[in-house]
Amino acid sequence: MAAKQRDYYEVLGVSRDAAGPDIKRAYRKLAMQYHPDVCKDADAADKIKDINTAYEVLSDEAKRSRYDRFGAEGVNQPEGYGGFSGGGDSPFGDIFETIFGQGMGGRTSRDGSIRGDDLRYDIEITLEEAALGAEKAIKFNRMESCDACGGNGAKPGTDAALCPQCQGQGQVTFIQETLIGRMTGRQTCPRCRGVGRVISSPCVACNGGGRRRKERERSVKIPAGVDTGMKMPLRGEGDAGERGGQAGDLYIVFRVKDHELFERRDNDLIVEMQVSFAVAALGGTIQVPIINGVEDLRIPEGTQSGHTFTLRGKGVPDVNGRGKGDEHVILNVAVPKKLTPEQKELLRQFSESLGENVPEHENKSIFKRFFGSN
Ligand SMILES: [Zn+2]
Ligand SMILES: [Zn+2]
């Protein structure tokens, strides 16, 4: 079942003459929207794949021009199809780089070295920490280069010997009989797996593997503006590589806890406030909570229940430094539950001044006497 090829511009929802930054913006928006951690739609994974493919092409001048001229066929050539290169103009471009979620896992390269695994650390933070930024200590386990043998896997004092099978070449010649005759070729040496050296007496501490699991503690700087589901890679902080391979990355995955006062919607904060009927009717100033304190809010005369005031720029900052969200204050006018007789009398007078008909006394007590409770 071949998937229908959609137009890349259409996928990102941009015009054919869209400028690079617009394409990037459109991509980020969609990537956030359909990120599997956020979007629970069954086809979210397919969508994100389409979005990534489209962006990979349209964000690259050369690929984009090939696509414009030759269509998808023009760009889907295997050469040079390296992964994605993240947004260089943003201090937190890294956070978004992970959205296309290149798999976390080891890679073996041609020289036999293996890149260390990427690790994931889930961190729960408060809304305040998400909004203001924070520094947190984390503790995690990772594979590190064995300090007993310096990572080469040989017992200290001994040395790795030249691989007898490939004589240190790392590759061996193989001969294969086929229908069309004898074929020869080169392949990675199976004995030393391409390293060219073998260990005769392995290091006891790491069993010759060259790595040991260790607990690490470090602090993580949380940039202001992160939200649930965002991932921040710390390059080279994952498992150490093997046989000279690069270290993996450590991904910090954020979850922002619910807040007792604020509700977060993207970078905006929403808070509900109660005011008395008198303040709503006559106007006044109330104090409303903001993420790092309180702020005076002037209530104009005659404010209706449910009215929303907006405190510009009092929301959560954009994680990429593009401004700040707002805080929306929803005002609820509270009806008093307990009034003194004097207050009741004043309210009655007020009501009468509006021409309303309010009974002087409650009749409930009389009914109660005759018919019992209620
Ligand atoms: Zn060792
Ligand atoms: Zn070998």
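Up top is the structure these notes are about.
Residues numbered from 1 in each chain as written. Chains lettered and ligands numbered in written order. Predicted model: local features only at pLDDT ≥ 70, side-chain atom pairs only at ≥ 80, totals over all residues. Heavy atoms only, no water.

Participant: Sorry if this is basic, but what is going on with the overall build of the chain here?
Facilitator: Each helix and strand in the chain was counted, giving 10 helices and 15 strands. Here the chain, with 374 residues, has 37% of them falling under the buried criterion. For the chain, contacts bridging at least 24 residues in sequence account for 62% of all contacts bridging at least 6. About 23,300 Å² of surface is accessible on the chain, with carbon and sulfur atoms providing 49% of the total. (Helix = DSSP H or I, 4+ residues; strand = E, 2+ residues; numbered from the N terminus. Buried < 20%, exposed > 50% of the residue type's maximum accessible area, 1.4 Å probe, protein only. Contact = heavy atoms within 4.5 Å. Areas by Shrake-Rupley, 256 points an atom, 1.4 Å probe, with all protein chains shown as cover.)

Participant: Help me understand the coordination of the zinc ion (ligand 1), please; the structure alone is not making it clear to me.
Facilitator: Each donor-metal-donor angle would ideally measure 109.5 degrees in four-coordinate tetrahedral geometry, or 90 or 180 degrees in six-coordinate octahedral geometry. Protein coordination of the zinc ion (ligand 1) is provided by C146 (SG), C149 (SG), C203 (SG) and C206 (SG), with donor distances spanning 2.3 Å. Given 4 donor atoms and angles of 104 to 115 degrees at the metal, the environment of the zinc ion (ligand 1) is assigned as tetrahedral. When the donor residues of the zinc ion (ligand 1) are listed from N- to C-terminus, their spacing reads C-x2-C-x53-C-x2-C. With C149 in the loop between β2 (134-145) and β3 (161-162) and C206 in the loop between β6 (197-198) and β7 (211-222), the pair connects residues that are 57 residues apart, well separated along the chain. (Donors = N, O, S within 2.8 Å, 3.2 Å for Na, K, Ca; no water. Tetrahedral: all angles 85-135°; square planar, octahedral: opposite > 155°, others 65-115°.)

Participant: How do you make sense of the pairing of strand β15 (residues 327-334) when you look at a structure like this?
Facilitator: Across 8 bridges, strand β11 (residues 268-276) lies against β15 in parallel orientation. Bridge pairing in β15 places E272 opposite I330. Where strand β14 (residues 308-311) lies against β15, 4 bridges are found, and the strand directions are antiparallel. The residue bridging F309 from the neighbouring strand is V329, located in β15. (Pairing = 2+ DSSP bridges.)

Participant: Help me out: how do you make sense of the coordination of the zinc ion (ligand 2) in this one?
Facilitator: Taken together, the protein donors to the zinc ion (ligand 2) comprise C163 (SG), C166 (SG), C189 (SG) and C192 (SG), at separations of 2.2 to 2.3 Å. For the zinc ion (ligand 2), the 4 donor atoms are set out with angles of 102 to 115 degrees between them, so the coordination reads as tetrahedral. Mapped onto the polypeptide sequence, the residues donating to the zinc ion (ligand 2) form the spacing pattern C-x2-C-x22-C-x2-C. An identical accessibility class is assigned to C163 and C166; each is buried.

Participant: How should the pattern of salt bridges be read in this particular structure?
Facilitator: Between side chains of opposite charge, a pair can form when the charged atoms approach closely. If you walk through the whole model with that rule in mind, you get 22 salt bridges. The partner of R255 in a salt bridge is E124, and the shortest N-O contact between them spans 2.9 Å. Of the two residues, R255 is situated in strand β9 (residues 250-256) and E124 in strand β1 (residues 119-125); the sequence distance between them amounts to 131 residues. On the basis of relative accessible area, R255 is assigned to the partly exposed category, the value being 39%. Here R264 makes a salt bridge to D227, at a shortest N to O gap of 3.5 Å. With a gap of 37 residues between them, R264 in strand β10 (residues 263-265) and D227 in the loop between β7 and β8 (231-234) connect regions that are remote in the sequence. A relative accessible area of 18% places R264 in the buried class. Residues joined in a network through salt bridges with shared partners are R142, E144, R216, R218 and E237. (Salt bridge = Lys/Arg side-chain N within 4 Å of Asp/Glu carboxyl O.)

In short, geometric facts, not functional conclusions.
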